Amino acid sequence: MISNKAKKQIDAWVAKYPEGRQSSAVMEALKIVQAENNNQLTHDNIQAVADYLDMPGIAAAEVATFYENYNHQPMGKHVIRFCHNISCMLNGADDLIAHLETKLGVKTGEVSKDGLVSVKKVECLGACVGAPMFQIGDQYYENLTIEKIDEIVDGLK
Ligand code: FES
């Protein structure tokens, strides 16, 4: 269920914590496994992470369902996590999200026809000074405009 490549990545995180505290790597482990499964975590994926980290499945599921970083439905290859919290909202996030939905022909939470992109509305990502902003993978894109969004999205492969 978890590839050898993913296990190596998870092991590197586990090594950062004291012996016997491997469950502390659960957030990164879930992220790694999600990335390998089309940006989606199924119940089986979550249980596999729990088993690998020798922790109760319910504890891994609590983490996986608490944070917005994890997806429990099919997602595109790239997930655009668009902040719609107060600073971003006041700086036009709603109009930009609407533009993105029209451009991609999807509503938030859906996958584009080519399977490449999903858009997800998320709460504050801690980059309010660069509002409006979104995140794709580990990259933040700030001070977004329609032109910037078009350039970023058109560059996704
Ligand atoms: S409100 Fe959007 S990053 Fe904080």
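Provided above is the structure to which this section pertains.
Residues numbered from 1 in each chain as written. Predicted model: local features only at pLDDT ≥ 70, side-chain atom pairs only at ≥ 80, totals over all residues. Heavy atoms only, no water.

A. Geometry of the sheet that holds strand β1 (residues 78-83). Pairing is mixed across the open sheet formed by 4 strands, whose spatial order is β2-β1-β3-β4. Lying at the two open borders of the sheet, with one neighbouring strand each, are β2 (117-122) and β4 (139-141). When the angles between neighbouring strand axes are averaged without regard to direction, this sheet yields 25°. Direction of pairing for β1 relative to strand β3 (residues 134-136): antiparallel, over a ladder of 3 bridges. Each residue of the ladder has a partner; that of Ile80, found in β3, is Ile136. Contacting β1, β2 and β3, helix α6 (residues 93-104) runs over the sheet at an angle of about 155° to β1. (Pairing = 2+ DSSP bridges. Helix = DSSP H or I, 4+ residues; strand = E, 2+ residues; numbered from the N terminus. Axes fitted to C-alpha atoms, helices over the stretch in contact; angles between N-to-C directions. Contact = heavy atoms within 4.5 Å.)

B. Structural view of the nonpolar core. By size, the foremost hydrophobic cluster in this structure holds 25 residues, and its most contacted members are Ile80, Phe82, Leu100, Leu104, Phe134, Leu144 and Ile149. If one sorts the elements of this core by residue count, α6 sits on top with 5 residues. Setting aside residues no more than four positions away along its own chain, Leu100 makes contact with Ile80, Phe82, Val119, Phe134, Ile149 and Val153. Listed in part, the 19 residues of the second largest apolar core include Ala6, Ala29, Val49 and Leu53. (Core = buried A, V, L, I, M, F, W, Y, C linked by side-chain atoms within 4.5 Å. Buried < 20%, exposed > 50% of the residue type's maximum accessible area, 1.4 Å probe, protein only.)

C. View of the side chain of His78. Along the chain, the position of His78 falls in strand β1. Leave out the neighbours within four places in its chain, and His78 touches Asn39, Leu116, Val117, Ser118, Ile136, Leu156 and Lys157.

D. Highlighting unusual backbone geometry. In the segment running from Ala131 into Pro132, the intervening peptide bond is cis, with an omega of 0°. Along the polypeptide, Pro132 turns up in the loop between β2 and β3. Phi at Asn38 takes a positive value of approximately 55°, unusual for a residue other than glycine. Examined against the element boundaries, Asn38 turns out to sit in the loop between α2 (26-36) and α3 (43-52). In this structure Asn38 comes out as exposed when scored by relative accessible area, which is 61%. The backbone phi angle of Asp54 is positive, close to 55°, even though this residue is not glycine. Within the fold, Asp54 resides in the loop between α3 and α4 (57-66).

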